[in-house]
Amino acid sequence: MNKAEQRQIAYAARNAQADKDTVSTKICRRVREQPWYQGAQMAMWYLHCRSEVRTLATVVAELASDKRIVVPYCMVDAEGQKQLGLWHLESLAELQPGMWNILEPPRERWSEQGKQVREDELDVVVVPGVAFDKQGGRLGNGAGYYDRLLQKVRPDAVLAAIGYEAQLLPQVVMGEYDVFMDFVVTEQAIYSGKGRTCRRT
């Protein structure tokens, strides 16, 4: 089975997930309860779209915590490569619908001083995806935004994918540039993944 076929299966399972709000809350609560999350000073959360695990309520709650909360937005670098910008979020009022109707800071504020975050400042990255496996394999939408980001974060930063148990496959097809997660968190369990190669030496 190739990536396209795996995506098709996992998209269908994700779309069919019942009671997404309740299940998403349970998944996000699992993340927040983990020692590696509680000890983090700067945590990146994605803001959900379509049928992804819903994160908005958790992000709002975390804004009241003592952590610095970071959210991504889609942009291109100087060479025209797709990449994620990282924004230090202090209020939802800073955001507006952007690409794919995902909430993001307005383009005119992207270079604002004090709001930009470097990849190496992140302690935890909460990662979305289409399909996962229990070994930490992850299949994204195919645009490569997260693959590029995850190559740049610190080796000791925790990569935690979140998804519905229904999105798990026996083994996700992983390419040369794909990154294994440290953890895959679902409503039923937390699976310890292989993590990045540099953490498995």
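Residues numbered from 1 in each chain as written. Predicted model: local features only at pLDDT ≥ 70, side-chain atom pairs only at ≥ 80, totals over all residues. Heavy atoms only, no water.

(A) Summary view of the overall build of the protein chain. Regarding its fold elements, the protein chain presents five helices and 11 strands. Relative to the globule expectation of 17 Å for 201 residues, the C-alpha radius of gyration of the protein chain, 16 Å, shows essentially globular dimensions. Put simply, the protein chain has 201 residues, and 52% of those count as buried. A fraction of 67% describes how many contacts in the protein chain between residues 6 or more apart in sequence connect residues 24 or more apart. Only carbon and sulfur atoms are counted for the fraction: they give 48% of the accessible area of the protein chain, which is about 9800 Å². Within the protein chain, the 26 negative side-chain charges are centred at a point lying 3 Å from the centre of the 26 positive side-chain charges. (Helix = DSSP H or I, 4+ residues; strand = E, 2+ residues; numbered from the N terminus. Rg over C-alpha atoms; globule rule 2.2 N^0.38 Å. Buried < 20%, exposed > 50% of the residue type's maximum accessible area, 1.4 Å probe, protein only. Contact = heavy atoms within 4.5 Å. Areas by Shrake-Rupley, 256 points an atom, 1.4 Å probe, with all protein chains shown as cover. Lys, Arg positive; Asp, Glu negative; His and termini not counted. Charge placed at Lys NZ, Arg CZ, Asp CG, Glu CD.)

(B) Summary view of the nonpolar core. With 55 residues, the main nonpolar core has Met44, Trp45, Leu122, Val125, Leu149 and Ile162 as its most contacted residues. By size, the runner-up hydrophobic cluster in this structure holds six residues, among which are Ala10, Val130, Ala131 and Leu139. (Core = buried A, V, L, I, M, F, W, Y, C linked by side-chain atoms within 4.5 Å.)

(C) Structural detail: unusual backbone geometry. Positive phi, close to 50°, is recorded for Asp19, a residue that is not glycine. As for its placement among the helices and strands, Asp19 is situated in the loop between helix H1 (3-16) and helix H2 (20-33). Positive phi outside glycine occurs at Asn101, with the angle close to 65°. Assignment of secondary structure puts Asn101 in the loop between strand E4 (96-97) and strand E5 (103-104).

(D) Region of the structure containing the layout of surface pockets. Size it by volume and the largest pocket reaches roughly 560 Å³. Along the walls of the largest pocket sit 29 residues, with Trp100, Arg138, Asn141, Tyr145 and Tyr146 positioned nearest its centre. Of all the elements in the fold, those that place two or more residues in the lining of the largest pocket are H1, strand E2 (68-76), strand E3 (82-89), E5, strand E8 (138-139) and helix H5 (145-150). (1 Å grid on protein atoms, 1.4 Å probe; cavity = no way out; pocket = protein on both sides within 12 Å on 5 of 7 lines; lining within 4 Å. Points joined across faces, edges and corners; volume = space filled by probe spheres on them.)

(E) Inspection of the pairing of E2 at higher detail. Where strand E1 (residues 42-44) lies against E2, three bridges are found, and the strand directions are parallel. Note on E2: the bridge partner recorded for Ala43 is Ile69. Taking the sense of rotation as the criterion, the β-α-β connection linking E1, helix H4 (residues 56-62) and E2 turns out right-handed. Across eight bridges, E2 lies against E3 in antiparallel orientation. Each bridged residue has a counterpart across the sheet, and for Val70 the counterpart in E3 is His88. The hairpin turn running from E2 into E3, its antiparallel successor, is five residues long, and Gly80 in that turn takes a positive phi close to 85°. (Pairing = 2+ DSSP bridges. Right-handed = clockwise from strand over helix to strand, strands pointing away.)

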